[in-house]
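Structural features, examined
Chain by chain, the residues run as shown.
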Amino acid sequence: MKTNKFLTLALAVMGAGMIQWSCSKNEDSIEPVQQDPNAPKGQVRIGVTDAPIDNAEVKGAFVTITEVRVDGRVFDAFKGPKTVNIAELNNGNFLTLGEGQLQAGTYSKLTFFFDYEKDAMGNAPGSYILKADGTKSKLVISGNARNYLDLNTKPFTISQDGTTDLMVDFDLRKAIKTFNENAQKQYSFVTYGELQSSIRVVNKTATGTISGQVSGYNAATMGNVVAFVYKKGEFNQNVETKGQGESSVEFKNAVSSAKVDAAGNFKVSFLEEGDYEIHFASFKSSGDANSSVALNSFLNLSGNLDLTKLSVKSSTEVRLSLSIKGFLGL
């Protein structure tokens with residue numbers, strides 16, 4: 001009897017261990033939440049846009065999305081897999097992933113499922129950086145094998161009588177990091193938590209835009225200039241110019257950003273209502289093909305509005321006319 005008791009205890013411990021191992025093994029296999037077929041439905045539109053990456057070597061950033069869920073409910077209007085070049089969705093451009101009905105209610109999470117191995121045409125890899133020389137650098141989440149990303153959002157309501165228009169704003173500058181492998185520069189997504197914080201989800205109908213032109217801008221002598229938008233009072237130069245987190249992300253707390261083009265134009269879209277400040281930073285390359293551009297200086301600008309007190313309203317555009325007075329040290 002004593003032997004049988006020990007055997008029974010051992011089997012129980014092994015069983016518990018197997019259950020724990022099984023749960024751990026399958027923790028990434030999330031089962032979708034079923035919709036109530038009899039519940040009222042509301043119209044939902046989900047789009048994707050991007051804040052650009054300040055790296056001339058990057059010619060495209062492709063992600064293959066296989067499924068989209070809203071609080072665990074499958075968004076059937078999205079027909080995956082779909083491979084999207086998010087790097088081309090700048091300056092207010094966006095791609096609609098799907099528009100359809102979902103159970104009415106209040107929600108607070110979007111989930112994207114990715115295919116790292118194959119794109120929508122079945123070619124490898126599924127998610128990657130396309131470099132200037134035509135080669136591809138596979139993208140996966142650093143230190144994490146999960147093929148999905150949960151995006152926690154401000155609560156939003158899907159109503160029976162209206163359309164909820166959601167915009168998912170990737171920020172490639174925050175989402176991608178570089179590393180050297182066999183003397184070649186390669187790319188990957190940042191860590192899971194950093195990737196979550198690099199993506200915003202906003203109600204498109206409740207957003208506005210900051211745009212403008214910087215007269216006298218010359219990229220050949222001044223480098224590439226990026227406009228960084230912050231919530232008013234939240235910019236700290238000493239903090240933002242240093243790499244933060246495991247992936248050393250610069251300007252980590254910027255709400256969004258936009259590159260200034262050759263004519264001096266810029267546009268930062270899909271900003272929620274509120275008060276903002278904007279800062280312009282110059283980046284220059286060291287000339288090494290395997291190195292990224294580095295922060296060089298800030299621009300000292302004069303303009304028609306106070307750049308530290310910009311009020312954005314829904315469906316409006318704040319237009320700036322700026323001229324360069326000089327450069328500010330780091």
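Residues numbered from 1 in each chain as written. Predicted model: local features only at pLDDT ≥ 70, side-chain atom pairs only at ≥ 80, totals over all residues. Heavy atoms only, no water.

1. Some details on the sheet that holds strand β5 (residues 95-103)
Spatial ordering of the open sheet is given by β5-β1-β11-β14, a layout of 4 strands whose pairing is mixed. Looking along the sheet, the strands with just one partner apiece sit at the ends: β5 and β14 (199-203). Taken pair by pair, the neighbouring strands of this sheet meet at an average axis angle of 20°, ignoring direction. As judged from the 8 bridges shared by strand β1 (residues 41-51) and β5, these two strands associate in the antiparallel manner. Directly across from R45, in β5, lies its bridge partner E99. (Pairing = 2+ DSSP bridges. Helix = DSSP H or I, 4+ residues; strand = E, 2+ residues; numbered from the N terminus. Axes fitted to C-alpha atoms, helices over the stretch in contact; angles between N-to-C directions.)

2. Focus: the environment of F235
With respect to the helices, strands and loops of the structure, F235 is situated in the loop between β16 (224-231) and α5 (237-240). The class for F235 is buried, based on a relative accessible area of 17%. For F235, the residues in contact, after removing those within four places along its chain, are Y230, E240, F251, E277, H279 and F298. (Buried < 20%, exposed > 50% of the residue type's maximum accessible area, 1.4 Å probe, protein only. Contact = heavy atoms within 4.5 Å.)

3. What to know about the packing of aromatic side chains
Tallying each qualifying case throughout the model produces 11 aromatic pairs. Residues F94 and F270 carry aromatic rings whose centres are separated by 6.1 Å and whose planes lie at 80° to one another, so their mutual orientation is edge-to-face. Remark: F270 occurs in strand β18 (residues 265-272) and F94 occurs in the loop between β4 (82-85) and β5; sequence separation between them is 176 residues. F270 sits in the buried class, given a relative accessible area of 8%. In textbook terms, an aromatic cluster arises when at least three aromatic residues are bridged by ring pairs, as seen for F228, Y230, F235, F251, F283 and F298. The lysine or arginine in question, K136, covers the ring of Y128, its NZ or CZ lying 4.5 Å from the ring centre. Sitting over the face of the ring of Y192, R146 holds its NZ or CZ atom 3.8 Å from the ring centroid. (Phe/Tyr/Trp six-rings, centres within 6.5 Å; stacked < 30°, edge-to-face > 60°. Lys NZ or Arg CZ within 6 Å of the ring centre and 35° of its normal.)

4. With respect to the confidence of the model for the chain
Mean pLDDT for the chain: 88, with 89% of residues reaching 70 or above. Across residues 5-29, where pLDDT falls below 50, the model places 3 contacts with residues more than four positions away in sequence or in other chains. (pLDDT = per-residue confidence, 0-100.)

5. Considering empty space enclosed by the protein
Under the definition given, this model contains 1 cavity of 30 Å³ or more. Taken as a whole, the largest cavity spans an internal volume of roughly 100 Å³. Every residue lining the largest cavity is counted, 15 residues in all, and those nearest its centre are D50, N91, G92, K267 and S269. When contributions to the lining of the largest cavity are tallied by element, the ones reaching two or more residues are β1, β17 (256-259) and β18. Here the residues of the lining of the largest cavity are counted per class, giving 5 nonpolar, 7 polar and 3 charged. (1 Å grid on protein atoms, 1.4 Å probe; cavity = no way out; pocket = protein on both sides within 12 Å on 5 of 7 lines; lining within 4 Å. Points joined across faces, edges and corners; volume = space filled by probe spheres on them. Nonpolar A, V, L, I, M, F, W, Y, C, P; charged D, E, K, R; others polar.)

6. A word on the sheet that holds strand β13 (residues 184-191)
The mixed open sheet is built from 3 strands, whose spatial order is β9-β13-β12. Two strands close off the open sheet at either side, each with one partner strand: β9 (141-142) and β12 (176-181).

7. Points about the nonpolar core
Formed by 44 residues in total, the largest nonpolar core has its most connected members in I46, L110, F112, V168 and I176. Counting residues per element, this core draws most heavily on strand β2 (residues 58-70), which supplies 6 residues. Not counting residues within four places of it along the chain, the set of residues in contact with L110 comprises I46, R69, V70, L149, D150, L151, T153, F156, L166, V168 and V201. The next biggest cluster of nonpolar side chains, apart from the first, holds 24 residues, and it includes V260, L299, L301 and L322. (Core = buried A, V, L, I, M, F, W, Y, C linked by side-chain atoms within 4.5 Å.)

8. A word on the pattern of salt bridges
Per the counting criterion, the structure on display carries 8 salt bridges. A salt bridge links D165 to R45, with the nearest nitrogen and oxygen atoms 2.8 Å apart. You can see D165 sitting in strand β11 (residues 163-171) and its partner R45 sitting in strand β1, a full 120 residues away along the chain. R45 sits in the partly exposed class, given a relative accessible area of 24%. (Salt bridge = Lys/Arg side-chain N within 4 Å of Asp/Glu carboxyl O.)

9. Thoughts on the layout of surface pockets
Where empty space is left becomes clear once a probe the size of a water molecule has been rolled over the atoms. Here the largest pocket is characterised by a volume of approximately 540 Å³. Mapped onto the lining of the largest pocket, the elements with two or more residues apiece are β10 (148-158), β11, α3 (192-197) and β14. By residue number, the principal contributor to the lining of the largest pocket is β10, which donates 5 residues. Across the lining of the largest pocket, the residue classes tally to 9 nonpolar, 7 polar and 11 charged.

10. Describing the pairing of β1
When you tally the buried positions in β1, you get 8 out of 11 residues, the bulk of the element. Inspection of the sheet shows β1 paired to β11 by 9 bridges, in the parallel sense. Its bridge partner lying in β11, V48 is registered against V168.

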